[in-house]
Protein chains: 4
Amino acid sequence: VENERQLLSTAHAVKKAGATILRGGAFKPRTSPYEFQGLGQKGLKLLAKARRETGLAIITELLSEQHVELVAEYADIIQIGARNAQNFQLLIAAARTGKPILLKRGPSMRIEEWLLAGEYVLSNNNANLMFCERGIRTFETYTRNTLDLSAIPILKAESHCPMIIDPSQGAGRADLVASLCKGAVAMGADGLLVEVHPKPSEAWSDGVQQLTLEGFAQLMEELKPFIAAAGRE
Amino acid sequence: VENERQLLSTAHAVKKAGATILRGGAFKPRTSPYEFQGLGQKGLKLLAKARRETGLAIITELLSEQHVELVAEYADIIQIGARNAQNFQLLIAAARTGKPILLKRGPSMRIEEWLLAGEYVLSNNNANLMFCERGIRTFETYTRNTLDLSAIPILKAESHCPMIIDPSQGAGRADLVASLCKGAVAMGADGLLVEVHPKPSEAWSDGVQQLTLEGFAQLMEELKPFIAAAGRE
Amino acid sequence: VENERQLLSTAHAVKKAGATILRGGAFKPRTSPYEFQGLGQKGLKLLAKARRETGLAIITELLSEQHVELVAEYADIIQIGARNAQNFQLLIAAARTGKPILLKRGPSMRIEEWLLAGEYVLSNNNANLMFCERGIRTFETYTRNTLDLSAIPILKAESHCPMIIDPSQGAGRADLVASLCKGAVAMGADGLLVEVHPKPSEAWSDGVQQLTLEGFAQLMEELKPFIAAAGRE
Amino acid sequence: VENERQLLSTAHAVKKAGATILRGGAFKPRTSPYEFQGLGQKGLKLLAKARRETGLAIITELLSEQHVELVAEYADIIQIGARNAQNFQLLIAAARTGKPILLKRGPSMRIEEWLLAGEYVLSNNNANLMFCERGIRTFETYTRNTLDLSAIPILKAESHCPMIIDPSQGAGRADLVASLCKGAVAMGADGLLVEVHPKPSEAWSDGVQQLTLEGFAQLMEELKPFIAAAGRE
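(A) Examining the interface of chain B and chain D more closely. The partner chain D presents 29 residues to the 28 residues of chain B that form the contact. Taking both partners together, chain B and chain D bury about 2700 Å²; carbon and sulfur atoms supply 46% of that area. On the chain B side of the interface with chain D, the three residues burying the most area are T31, E65 and R137 of chain B, jointly 22% of the side's total. Across the chain B-chain D interface, the total number found is two salt bridges. E113 of chain D is the partner of R137 of chain B in a salt bridge, and the nearest nitrogen-oxygen pair spans 2.7 Å. Counting every contact that joins chain B to chain D gives 16 residue pairs in polar contact (both at pLDDT 80 or more). Looking at the side of chain B that touches chain D, the elements that each hand over two or more residues are α4 (88-95) and α5 (111-122) of chain B. Considering each element in turn, the side of chain B that touches chain D owes the most residues, five residues, to α5 of chain B.

Right under this line is the structure:
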């Protein structure tokens, strides 16, 4: 979420292309304190406006226990990001809002540890848990992370929870996103989290991994035969 | 390759299910010198018999410069295994036989290094090079390796060579093989290398990652819609 | 911190052996919600009692923004644990207490990212920052983590902050702790964080990596020539 | 080994500073076929000349079964490099020369696998085996590899063989070499393998990790108190 125009044009475009949920960051965890940290409550209000206009549900990241009530007021689904995947107090606080939780995998979490982090949600009386694979940290440098698609059949075997794949963060390169989406769908993923921007080259963060609005629409078309092959709709 | 009965029954079964090439190990690189090291030339002769009976082409691993002539006499395609992926003298010797080369990725090779290892084949006047992703070594312990399916679109972009995926070695678990094959096909893989054994529980090595003959036939059926979706035959 | 007797006997023993600071966990981040989570405020009070009796300064971990005031009331130094090393809101809240901060390295943080996490402390007007290397996550399974001792000269070159080494967490095995301490001292570490328990086999967590009281006293003796060789006191 | 002048000036300088063995590469395994591959037999002859002039023993790498007799004729100790650490046929061939073997750790070998690779030497009637830690491949990018100094006490516990540390390859940066050498000595290493060049900035490979002749002499001085503290000579 950078500004109203960028957000609303993106929301309308992805809605038209077939998306059902909009993920936007109002509070952004950044490696350096000197990078753009998000618009905060102003960003949440823009997300609410996008929801009103498009009917898309909203996912946004919670990164502080201080913001639990504020974020829960606006979000339909609360994201716990990779850096906070073992911030257990945050997981508990998020779970207790009763909102569905999207739990990203930490960059060096074993699947067993990820499942146990999920238990911090489930054991706090919140069964609406989704797991989101976004790549693990390895020695490979061609990609930003190594997207571990094996996690899809494993999580489906070890848990009842939906499994979402984030190829944008996983690859860190827009040119690999379409191929990774096809693989994820074929392997049984329940959802895809794809970064989109009207002008990726002008994005305030992570521009190289974002699809254009046209690129996203084309991706949605290309996925259809794989969705059908996987027996999904 | 363990014995004639095991090999021929497997060869006939995979041929019937649609396989076109048979990979069998006559010289096997084993972590410990006290494990089964392969049948050597006797294994190569069994592979040749399987070819005569079924018409399947033969891939087998070369792991010593001393065996170049012997292996080239029997193999249609020479495999260079993961542990020897940067054994450059072996790559050169294999390339000079003129046989097609299947170059597995070393467990900690960056893609750039893998491409450069391939140059040891290409620069020795052998353009028949295939790359085979078989998983990289990471911290995850649920799987034996982490199969890096991102390598498919990357290799297709960076090289003209066919890209083969080995999900058996990648996952180290038979229960994940079918899902990984579907993902690989959807992402554009040109071939799959799947381990099969008439009785995996009695295999002399790596039994837990091998499909049964029936499991392989079922996999070939399940892959059809994904092959079609990918626009391949 | 398990109970008064365990804590005080440990505190007196390490003080006698030459320790100057006592690290004890009152709020413990555990991989599973079903493991011992620490004694909370009761644990903090026990730590305060140990300080009164021995004169040792107290380090304890902060793992929730909700506990900032409580922990700051008892602690002389606030530890930010590995799992929260990129929990930036927690870093900011801890920094603003004005207390010295011990920032552990996340298990998959590059040194550059660790330095930038430290900037969240330094840029909030708190210059009393210490870095603590506790091992990174790799493929090696003999040790719990791979202690990256190279981080000592690197941090000394890139930062003015003291560098502490935690070999207990790094190795996850008591039998390697003495050797790693010697290496750390020789390489210029400013402090060592060593886990000690009166009866490691009965510890409520991580018993296999804890030294006995006698083992700690012996370690302190063995380190003397290395401390002298490093020109420290 | 680049030329006679470079090699002999280095050999005399390190001998004077206290070195007892000279490692020089005549056959060099390079990631790319288009990089300098070593001088071959001409390099071996230069090494023999350096031995005659200085009395230093010679270590050099064997990277092909075709060169076993040639290398064994010149070398006092045969090095098996990291890329060939699981090239078992080469290990067997090297072992059978009867020469002492220096076995480098592969960049993604677990210690258990390294010990088993060593068994390929020991079980071929060659007990003169040395292990050499040269860093493992991790996600860290500040250093070329992550030098796993924990391997020293582990190998000393699990094997009777001498343990050598290669900080030049481990760090990939000359500025970290001295500190890593001190740590290695303190932790019980039996030897150090340090890269030295009269003019590192003009070296044909790996210049950034090489000490100058003066730097090496200074290092040898600085190590003395740590060698004494470790009870070695």
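(B) Geometry of the relation of the copies chain C and chain D. Under the fitted operation, chain C is carried onto chain D by 0.0 Å of movement along the axis and a turn of 180°, and the coordinates agree to an RMSD of 0.0 Å. What we have between these two chains is a two-fold relation. Taking C-alpha positions as the reference, the residue of chain C nearest the rotation axis is G183 of chain C, at 2.0 Å. Of the interface residues in chain C, 100% have counterparts in chain D that sit at the interface too, so the contact is made through matching surfaces.

(C) Representation of the interface of chain C and chain D in the model. Listed per partner, the contact involves 33 residues of chain C and 33 residues of chain D. Both faces considered, chain C and chain D share a buried interface measuring about 2800 Å² in area, 68% of it formed by carbon and sulfur atoms. For the side of chain C that touches chain D, the elements supplying multiple residues, two or more each, are α6 (151-158), α8 (177-186) and α9 (213-229) of chain C. Examining the composition of the side of chain C that touches chain D, we find that five residues originate from one element, α8 of chain C, more than from any other. Considered class by class, the residues forming the side of chain C that touches chain D number 18 nonpolar, eight polar and seven charged.

(D) Here's a closer look at the environment of Y142 of chain A. Tracing the chain through its elements places Y142 of chain A in the loop between β5 (129-133) and α6 (151-158). By relative accessible area, which is 21% here, Y142 of chain A ends up partly exposed.

(E) Molecular detail of the packing of helix α5 (residues 111-122) of chain C against α6 of chain C. Residues and elements named next belong to chain C. Two elements in contact, α5 and α6, have axes separated by 11 Å at closest approach and are oriented at 45°. As summarised for this structure, α5 and α6 are arranged oblique, according to the angle between their axes. With respect to the hand of their crossing, α5 and α6 are arranged in right-handed fashion. Contacts from I111, W114 and L115 of α5 reach α6 at A151, I154, L155 and E158.

(F) Structural view of helix α2 (residues 41-54) of chain A. All names here are of chain A. In a regular helix each residue adds 1.5 Å, so 14 residues correspond to 20 Å; α2 covers 20 Å between its end C-alpha atoms and thus fits that length. Where the residues of α2 are buried, they touch α1 (4-17), β1 (21-23), β2 (57-61) and α3 (68-74). Positive phi shows up at G55, right after α2, with a value of about 80°.

(G) Representation of the confidence of the model for chain A within the structure. Confidence in the prediction for chain A averages 97 pLDDT; 100% of positions are at 70 or higher. ipTM for the predicted complex: 0.96, alongside a pTM of 0.96.

(H) Representation of the pattern of salt bridges. The full count for this structure, using the stated rule, is 60 salt bridges over all chains. Ionic pairing is found between R232 of chain A and D190 of chain A, a salt bridge with its closest N-O pair at 2.6 Å. In this pair, R232 of chain A sits in the segment after α9 (213-229) while D190 of chain A sits in the loop between α8 (177-186) and β7 (191-192), placing the two residues 42 residues apart along the sequence. Here R232 of chain A falls in the partly exposed class, since its relative accessible area comes to 37%. Where salt bridges share partners, they join R105, E133 and D148 of chain A together with E140 of chain B into one cluster.

(I) Structural view of the sheet that holds β7 of chain A. Residues and elements named next belong to chain A. The strand order β1-β2-β3-β4-β5-β6-β7 describes an open sheet built from seven strands, whose pairing is parallel. If you trace the sheet from one side to the other, it starts and ends with β1 and β7, each paired once. As paired strands, β1 and β2 are joined by three bridges and run parallel to one another. By the bridge assignment, I21 is partnered in β2 with A57.

(J) Structural detail: the relation of the copies chain B and chain D. Superposition of chain B onto chain D requires a rotation of 180° combined with a translation of 0.0 Å along the rotation axis, giving an RMSD of 0.0 Å. Mapped onto chain D, 100% of the interface residues of chain B again fall at the interface, so both copies present the same surface.

(K) Geometry of the nonpolar core. Ranked by internal contacts, the top residues of the largest apolar core, which has 143 residues, are L149 of chain A together with L149 of chain B. Excluding its chain neighbours within four sequence positions, the residues that come into contact with L149 of chain B are L149 and M187 of chain A together with I165, L180, A184 and M187 of chain B. Counting 142 residues, the second largest nonpolar core, distinct from the first, contains A171 and V177 of chain C together with V185 and L219 of chain D.

(L) How the structure looks around the sheet that holds strand β2 (residues 57-61) of chain D. Residues and elements named next belong to chain D. If you walk across this open sheet you meet the seven strands as β1-β2-β3-β4-β5-β6-β7, and the pairing is parallel. Edge positions in the sheet fall to β1 (21-23) and β7 (191-192), since each has one partner strand and no second. Relative to the sheet, helix α5 (residues 111-122) contacts β4 (101-104), β5 (129-133) and β6 (163-165), its axis offset from that of β5 by approximately 155°.

(M) Representation of the pairing of strand β5 (residues 129-133) of chain B in the model. Residues and elements named next belong to chain B. β5 sits mainly inside the fold: five of its five residues count as buried. Burial of β5 is two-sided: the residues L129, F131 and E133 facing one way and the residues M130 and C132 facing the other way are all buried. Note on the crossover from strand β4 (residues 101-104) through α5 to β5: the handedness is right-handed. Inspection of the sheet shows β5 paired to strand β6 (residues 163-165) by three bridges, in the parallel sense. Within β6, the position partnered with E133 by the bridge is I165.

(N) Layout of helix α9 (residues 213-229) of chain B. Residue and element names in this part refer to chain B. In this model α9 runs 25 Å from its N-terminal to its C-terminal C-alpha over 17 residues, within 8% of the 24 Å that 1.5 Å per residue would give. Considering bend angle alone, the principal kink of α9 is centred on L223 and spans about 35°; proline P225 follows within four residues of it. Buried residues of α9: L213, F216, L219, L223, F226 and A229, and no others.

(O) Broad picture of unusual backbone geometry. Unlike most non-glycine residues, N125 of chain C shows phi in positive territory, near 65°. Classification of N125 of chain C as exposed rests on a relative accessible area of 76%. In this structure, D206 of chain D is a non-glycine residue whose phi angle is positive, near 55°. Tracing the backbone through its elements, the reader meets D206 of chain D in the loop between β7 and α9 (213-229). For D206 of chain D, a relative accessible area of 28% translates into the label partly exposed.

Reading the values: the criteria
Once a new chain begins, its residue numbering starts again from 1 and follows that chain's sequence as written. In the order they appear in the text, chains get letters beginning with A and ligands get numbers beginning with 1. Restriction of local features to residues with pLDDT of at least 70 applies here, the model being predicted, together with a cutoff of 80 or more for giving and counting side-chain atom pairs; totals for whole chains, interfaces and linings are based on all residues. Note that water and hydrogens are dropped before the side-chain values are worked out from all heavy atoms of the structure. Contact criterion: two residues are considered in contact whenever any of their non-hydrogen atoms come within 4.5 Å of each other. Put simply, buried area is how much 1.4 Å-probe accessible surface two parts lose in total, over both of them, once they are put together. A pair is scored as a salt bridge if a Lys or Arg side-chain nitrogen falls within 4 Å of a carboxyl oxygen belonging to Asp or Glu. We call two N or O atoms a polar contact when they sit within 3.5 Å, provided that within protein one can donate a hydrogen and the other can accept it, with sequence-adjacent residues counted only if both atoms are side-chain atoms. Helix and strand assignments follow DSSP, with helices taken as H or I runs no shorter than four residues and strands as E runs no shorter than two, numbered in order from the N terminus. The copies were overlaid with a least-squares fit restricted to C-alpha atoms from residues scoring a pLDDT of at least 70 in each copy. Any residue that is not Ala, Val, Leu, Ile, Met, Phe, Trp, Tyr, Cys, Pro, Asp, Glu, Lys or Arg is counted as polar, Gly included; the first ten are nonpolar and the last four charged. Here's how the labels work: a residue is buried when its accessible area is under 20% of the maximum for its type, exposed when over 50%, partly exposed in between, all with a 1.4 Å probe on protein chains only. For every element, the axis is a line fit to its C-alpha atoms; helices are fit only across the contacting stretch, and the angle between N-to-C directions ranges from 0 to 180 degrees. Our angle categories are set so that under 35 degrees counts as roughly parallel, over 145 as roughly antiparallel, 65 to 115 as roughly perpendicular, and the remainder as oblique. By definition, any crossing whose near helix is turned counterclockwise from its far helix by less than a right angle is left-handed, and any crossing with a clockwise turn is right-handed. Any helix carries an expected span of 1.5 Å times its number of residues minus one. Each residue carries a pLDDT value, the predictor's own confidence for that position, ranging from 0 to 100. By definition, two strands form a pair when at least two bridges between them are found by DSSP. The nonpolar core is taken to be a set of buried Ala, Val, Leu, Ile, Met, Phe, Trp, Tyr and Cys residues, with the residues joined through side-chain atoms within 4.5 Å. With the strands aimed away from the viewer, a crossover counts as right-handed if its path from the first strand over the helix to the second runs clockwise. Each residue is assigned a bend, namely the angle between axes fitted to the seven residues that terminate at it and the seven residues that start at it.

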